[in-house]
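Reading the structure
Read off the chains here:
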Amino acid sequence: MGVIAGAWQWLTTAANWAGEKGVTHRLAEHVRLSAVCLALACLIALPVALWLGHLGKGGALAVNLANIGRAVPTYAVLVLLTLSPLGRHGDWPTVLALVLFAVPPLLTNAYLGMREADRDVVEAARGMGMSGPQVLFRVEIPLAYPLIMTGLRSATVQVVATATLAALAGGGGLGRIITAGFGNYDTAQVVAGALLVAVLALAVEGALVLAERLLDPMRGGWRATRSAPARAEPIPAD
Amino acid sequence: MSGRAGGVNCLEANDWVCGEYLRTRSQELTDATVQHIGITAVSVALGLLLAFPLALVARRWRGAAGPVLGLTTVLYTIPSLAMFALLTPVFGVSAAVVVTGLVLYSLTILVRNLLAGLQAVPAGVREAARGMGYGPVRLLFGVELPLAIPALVAGLRIATVSTVAMTTVGSVVGYGGLGNLIASGMAGFFKAEVLTASVLCVLLALVADVLLMALQRLLTPWTRAGGRAGVRSRAVAWARGRARAVKAVG
């Protein structure tokens, strides 16, 4: 219990929140980096995934990308980028690593969501005379929405975690509080930093779950009844 | 880059690829690799051991499925650095910190896939086995588990590959296998050390993946027979399972 009390004391000490190395600044760095990189990754991955899914091409690429993304250690990429010439340019190694690791889950899930959109419905939409873009925006994307959001959530978890690891490669963010704590053998600070990171990660995840429900283009109707069995069977939704 | 032929000079020039580094530090590299494999293997094995009863509980009592899956998902959301930091006061600075963290992460994937595999056993198959006089234990080990092997191995592959990658973060407490070399390479600005350790780490993940795939083929000879339709639907199910399980590696 001494550790928890110590961490609490660390967190409630005003001095630890102020200044360049304080919680407020580190938290702002963390959130800013995560948000910018997530937006960048979405801008890159979603158009590609939606377009490939619409055309029905590039499935192998979409699945393999996710597998490769999993096998490559985030920490290694962060350090490699920091030691590369890019490392002399401030936050760029972190930004690039964050985007690189956010793209695979976004792309793979959005692509599979598009491919899993009920073919009969898509055919019916075509038969009704909808054009390609109309089918894409009014039928396929709404049907792919749950998996697109799953991808977004995975990517966000990934980005928040990677932004934490950036501290190991000399970057900013909340991870710095943990690494500084390890450096000073200050267990209270280590635990306090870890708690901050965990709370941030869970809060972001919670916010996304909420946003997913509120933004669902087919809220409360069709999806709840018609596609429930299909979604319940392979891996339960969280 | 003077490369492998560069001899001692490549160490002085701090090249990314350096044969001299491989020669002079081969012991260090071997030790780190062995530690990496050990931590990964123990973590995934313990994860599997724990996932098994959890999946059975989640299947037996529907009310338990939500909390079990929810809790493992929450654990997955916590970044690895924070997880190791939180476990440090509990275990002290030791390999147990890293192993426990990695076990908790692998649980998310393993419980889900095991549960999905068990639930996907056709009811008719279960009925037939019961009709033949199979009791619950024999039904589980003789019929349901073998049929769940493809889903289980799919989960095992994802968990293993992620664990190999995440073990590197264990270097914060000094037990990161190849991650320790990445950390010391970072501290000393030693490019060859970082690149070599990173490449070895990716190779380890790929080798583990291939070995597990081979293991599945050995364990489920029946999946190799069967018509095209069967192969296709399995491939689709596999791709879906993978996509759903795409999760963070951090």
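Residues numbered from 1 in each chain as written. Chains lettered and ligands numbered in written order. Predicted model: local features only at pLDDT ≥ 70, side-chain atom pairs only at ≥ 80, totals over all residues.

**Notes on the overall build of chain B**
A tally of regular secondary structure across chain B gives eleven helices and zero strands. Ordered by position from N to C terminus, the α and β elements of chain B give α-α-α-α-α-α-α-α-α-α-α. When burial is assessed residue by residue, chain B has 44% of its 250 residues classed as buried. Sequence separation of 24 or more characterises 68% of the internal contacts of chain B that already satisfy a separation of 6 or more. (Helix = DSSP H or I, 4+ residues; strand = E, 2+ residues; numbered from the N terminus. Buried ≥ 20, exposed ≤ 12 C-beta atoms within 10 Å, placed from the backbone. Contact = placed C-beta atoms within 7 Å.)

**Quick look at the overall build of chain A**
Along chain A, the regular secondary structure elements total eleven helices and zero strands. Reading chain A from its N end, one meets helices and strands in the order α-α-α-α-α-α-α-α-α-α-α. Along the first, second and third principal axes, the C-alpha set of chain A runs to 65 × 40 × 30 Å. Burial status across chain A gives 47% buried among its 238 residues. Of all intrachain contacts in chain A linking residues separated by at least 6 positions in sequence, the fraction that spans at least 24 positions is 71%.

**Thoughts on the UniProt feature "domain: ABC transmembrane type-1" (unreviewed entry) in chain B**
Mapped onto the present numbering, the UniProt feature "domain: ABC transmembrane type-1" (unreviewed entry) falls at residues 33-212 of chain B. As annotated, residues 33-212 of chain B has a helix share of 86% and a strand share of 0%, and its two end C-alpha atoms lie 19 Å apart. (UniProt positions renumbered as here; feature names shortened; annotations may be inferred.)

**Section: the UniProt feature "domain: ABC transmembrane type-1" (unreviewed entry) in chain A**
As annotated in UniProt, the feature "domain: ABC transmembrane type-1" (unreviewed entry) corresponds to residues 27-208 of chain A in the numbering used here. Helix makes up 83% of residues 27-208 of chain A and strand 0%, whereas the separation of the span's terminal C-alpha atoms amounts to 19 Å.

**Let's talk about the UniProt feature "transmembrane region" (unreviewed entry) in chain B**
Residues and elements named next belong to chain B. Look at the UniProt record and you will see "transmembrane region" (unreviewed entry) annotated at residues 37-56, 68-87, 93-115, 136-158, 164-182 and 194-215. Along residues 68-87 the backbone is 90% helical and 0% strand, and the end-to-end C-alpha distance reaches 21 Å. Taken end to end, residues 194-215 is 100% helix and 0% strand, and its two terminal C-alpha atoms sit 32 Å from one another.

**A word on the interface of chain A and chain B**
At the junction of the two partners, chain A supplies 43 residues and chain B supplies 49 residues. For the side of chain A that touches chain B, the secondary structure elements donating two or more residues are α3 (59-71), α4 (74-83), α5 (92-116), α7 (132-165), α8 (175-183) and α9 (187-215) of chain A. Here the side of chain A that touches chain B takes ten residues from α9(A), the largest share from any one element. Here the residues of the side of chain A that touches chain B sort into 30 nonpolar, ten polar and three charged. (Nonpolar A, V, L, I, M, F, W, Y, C, P; charged D, E, K, R; others polar.)

**So, the packing of helix α3 (residues 26-60) of chain B against helix α4 (residues 62-77) of chain B**
Residues and elements named next belong to chain B. Between α3 and α4, the least distance of the axes is 6 Å, while the angle of their chain directions is 140°. Between α3 and α4, the angle falls in the class oblique. Facing Leu 54, Val 57 and Ala 58 of α3, the residues of α4 in contact are Ala 64, Ala 65, Val 68 and Leu 69. A per-class count over the contact of α3 with α4 returns seven nonpolar, no polar and no charged. (Axes fitted to C-alpha atoms, helices over the stretch in contact; angles between N-to-C directions. Parallel < 35°, antiparallel > 145°, perpendicular 65-115°, else oblique.)

**Focus on unusual backbone geometry**
Most peptide bonds take the trans form, and the phi angle of most residues other than glycine is negative. Positive phi, normally seen in glycine, also occurs at A:Tyr185, with a value near 55°. Within the secondary structure layout, A:Tyr185 lies in the loop between α8 and α9. Residue A:Tyr185 is classed as exposed on the basis of its C-beta count, with 9 C-beta atoms lying within 10 Å. The phi dihedral of B:Phe189 is positive, around 55°, even though this residue is not glycine. Here B:Phe189 lies in the loop between α9 (178-188) and α10 (191-219).

**Remarks on the environment of B:Asn14**
Residues and elements named next belong to chain B. With respect to the helices, strands and loops of the structure, Asn 14 is situated in the loop between α1 (9-12) and α2 (19-24). Note: C-alpha distance between Asn 14 and Lys 191 (177 residues apart in sequence) is 6.1 Å. Those residues in contact with Asn 14 that sit more than four places away from it in its chain are Phe 190 and Lys 191.

**Concerning the nonpolar core**
Membership of the largest hydrophobic core comes to 134 residues, with the highest contact counts inside it found for A:Ala102, A:Ala110 and B:Val111. Setting aside anything within four residues of it in sequence, one finds B:Val111 in contact with B:Ala51, B:Leu54, B:Ala55, B:Ala58, B:Val68, B:Leu69 and B:Thr72. (Core = buried A, V, L, I, M, F, W, Y, C linked by C-beta atoms within 7 Å.)

**Quick notes on the environment of A:Val63**
All names here are of chain A. By the element assignment, Val 63 lies in helix α3. Taking the C-beta count within 10 Å as the criterion, Val 63 has 19 such neighbours and is therefore assigned partly exposed. For Val 63 and Leu 112, which are 49 residues apart along the polypeptide, the C-alpha to C-alpha distance reads 8.7 Å.

**So, the UniProt feature "transmembrane region" (unreviewed entry) in chain A**
All names here are of chain A. Per the UniProt record, "transmembrane region" (unreviewed entry) is found at residues 33-53, 65-86, 92-112, 159-178 and 190-211. End-to-end, the C-alpha atoms of residues 33-53 are 29 Å apart, and along that stretch the chain is 100% helix and 0% strand. Helix makes up 100% of residues 92-112 and strand makes up 0%, while its end C-alpha atoms are separated by 31 Å.

**A few points about α8(A)**
Counting buried positions over the nine residues of α8(A) gives seven, a clear majority of the element. Those residues of α8(A) that fall on the buried side of the exposure criterion are A:Gly175, A:Arg176, A:Ile177, A:Ile178, A:Thr179, A:Gly181 and A:Phe182. Against α2 (23-55), α7 and α9 of chain A together with α5 (80-91) of chain B lie the buried residues of α8(A).

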